[in-house]
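Observations on the model geometry
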Amino acid sequence: MTRVIVTVGGVDVPVTYNLNPDYYYLTIYADHKIVSGSEVKAMVHYENEVPTGTKGLYLSHYTNPDGVKRYLLTTQFESTGARMAFPCFDEPDLKAIFNFEISYRYSEYTAIFNMDPIGPPNQVGDRYTVKYQPTMKISTYILAMLISDFNTDSSGVSADGVKVRILGRKEWETETNWALEETLSVVDGLSEKFGYKYCNAFPEPSGPNGNCKSDQVSVPQFGAGAMENWGLITYREYYMHIDQARDPFRRKYYSTSIIGHELIHQWFGNLVTCPWWDEIYINEAFGSIGGYLGLIYSKSHAKINYQWEDEYLIDEGYSGMYTDGTTFSRPMVNNVNNGELKVE
């Protein structure tokens, strides 16, 4: 059920609307002309069915050691998944400040958003409601939510005051230390590299009791490798849970590299954003570089001599020259992305 209320200059105006289910478009028509420069507010009341795929706001699950299936809600909004969850202007350069609150049931669950909560959950009956700090100006595709019974105790604060948590299955808590230490080191290293601290994008203050955070979440069903949501980065479980005695060097390498890839997006993609998806190189070209900077600024680099220059030359340099020599190479501004809203 959808209901739309529109005011112009504080006065309710009659409107009609239609929904395009193929593109998730809501088009609102006013019954009379609206004067340029008028303040227009639209309130949309809606209900949404949560799918079980891996796009938009979706239902995920895992089976705990007792054989019980546990469910969670998570998100993947890039490129046009936000509109599947709530009405919004779902284009990368249409940034806004979002004020969110999330209600959920079950005391063992937590609701996590891009920003920290303003206070503890407010309980009314069996329902818990959490209100969050307003976001920075942000694109819809990097908003994120997580409602789960995940472990939230694997945490630390970087030297620059970035609060970091590794969120995942409680039974895998002992396998989060690698990702936690690498994230704490890399996020501060990138702040120094670019001369713009990660926390500068967040409302003051930073530090243990501040608003500056970077949660890293391992999601059981996740279509992408990882997603750079501001303050709430999501990954496949493979990258976040490392048993340092069991897992080989290459798995640890990939974990550190993808953490660097996602964290550099907090500058290239989140702060500096492509106006449309045909210029996605602003995100992903620098994201590829971030994978190597992650190795350089990682804590593990103190003990491991990563041969990142050789890997960069082979994986990025030679492969780029090979692709440029083919008939299917693409321009930096990739207009093919326009019609199908691709991110590649």
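The preceding data block contains the structure.
Now for a quick tour of the structure. As the structure is a prediction and not an experimental result, all values here were calculated from the model. Along each chain, numbering runs from 1 in the same order as the chain's sequence is written. In keeping with the model being predicted, local features are shown solely for residues with a pLDDT of at least 70 and side-chain atom pairs are shown and tallied solely at 80 or more, while totals for entire chains, interfaces and linings include all residues. The basis for every side-chain value is the complete set of non-hydrogen atoms in the structure, without hydrogens or water.

**Description of the state of the cysteines**
In this description, the term disulfide denotes a pair of cysteine sulfurs within 2.5 Å. Applying the stated criterion across every chain yields a total of one disulfide. Each sulfur in the disulfide pair Cys199 and Cys212 lies 2.1 Å from the other. Looking down the S-S bond of the Cys199 and Cys212 bridge, the torsion is -85°, so its handedness is left-handed. Note that Cys199 is positioned in the loop between helix H1 (177–194) and strand S15 (213–219) and Cys212 in the loop between H1 and S15, a separation of 13 residues in sequence. The buried label applies to any residue whose accessible area, calculated with a 1.4 Å probe on protein chains only, is under 20% of its type's maximum; exposed applies above 50%, and partly exposed to all values in between. Residue classification places Cys199 among the buried positions, given a relative accessible area of 9%. Residue class for Cys212 comes out buried when judged on its relative accessible area of 0%. Here Cys88 stays free of any disulfide, with the sulfur of Cys274 as its closest cysteine sulfur at 16 Å. The way it works is that DSSP assigns letters per residue, a run of H or I at least four long becomes a helix, a run of E at least two long becomes a strand, and they are numbered from the N terminus.

**Regarding the pairing of strand S11 (residues 127–131)**
A regular strand carries its side chains on alternate faces of the sheet. Along S11, the buried face is formed by Tyr128 and Val130; none of Arg127, Thr129 and Lys131, which line the opposite face, is buried. Only when DSSP finds a minimum of two bridges between them are two strands counted as paired. Bridging between strand S8 (residues 101–105) and S11 involves five bridges; their strand directions are antiparallel. Across the sheet, the residue bridging to Ser103 is Thr129, located in S11. The sheet contact formed by strand S10 (residues 122–124) and S11 spans three bridges and is antiparallel. Following the sheet pairing, Gln123 is matched in S11 by Tyr128. The hairpin turn running from S10 into S11, its antiparallel successor, is two residues long, and Gly125 in that turn takes a positive phi close to 65°.

**Details of the sheet that holds strand S16 (residues 226–227)**
With respect to topology, five strands assemble into an open sheet ordered S13-S14-S15-S17-S16, the strand pairing being mixed. The open sheet has two edge strands with one neighbour each: strand S13 (155–157) and S16. Pairing between strand S14 (residues 163–167) and S15: five bridges, direction parallel. Note on S15: the bridge partner recorded for Ile166 is Gln216. Against the sheet, H1 contacts S13, S14 and S15, and its axis sits at roughly 155° relative to S14. Of the strands in this sheet, S15, S16 and strand S17 (232–236) touch helix H3 (residues 249–264), which is tilted by about 145° from S17. Contacts are assigned to residue pairs that have any heavy atoms within 4.5 Å of one another. Each axis is a line fitted through C-alpha atoms, taken for helices only over the stretch in contact, and angles between the N-to-C directions span 0 to 180 degrees.

**Description of the sheet that holds S10**
One open sheet holds the three strands; their spatial order is S8-S11-S10, and the pairing between them is antiparallel. Among the strands making up the open sheet, the edge pair consists of S8 and S10. Here the average twist between neighbouring strands, direction ignored, is 25°.

**Focus on the environment of Trp230**
Within the secondary structure layout, Trp230 lies in the loop between S16 and S17. For Trp230 and Ile138, which are 92 residues apart along the polypeptide, the C-alpha to C-alpha distance reads 8.3 Å. The residues contacting Trp230, other than those within four sequence positions of it, are Asn114, Met136, Lys137, Ile138, Ile142, Tyr198, Ala201, Phe202, Gln266, Asn270 and Leu271.

In short, shape yes, function no, at least from these values alone.
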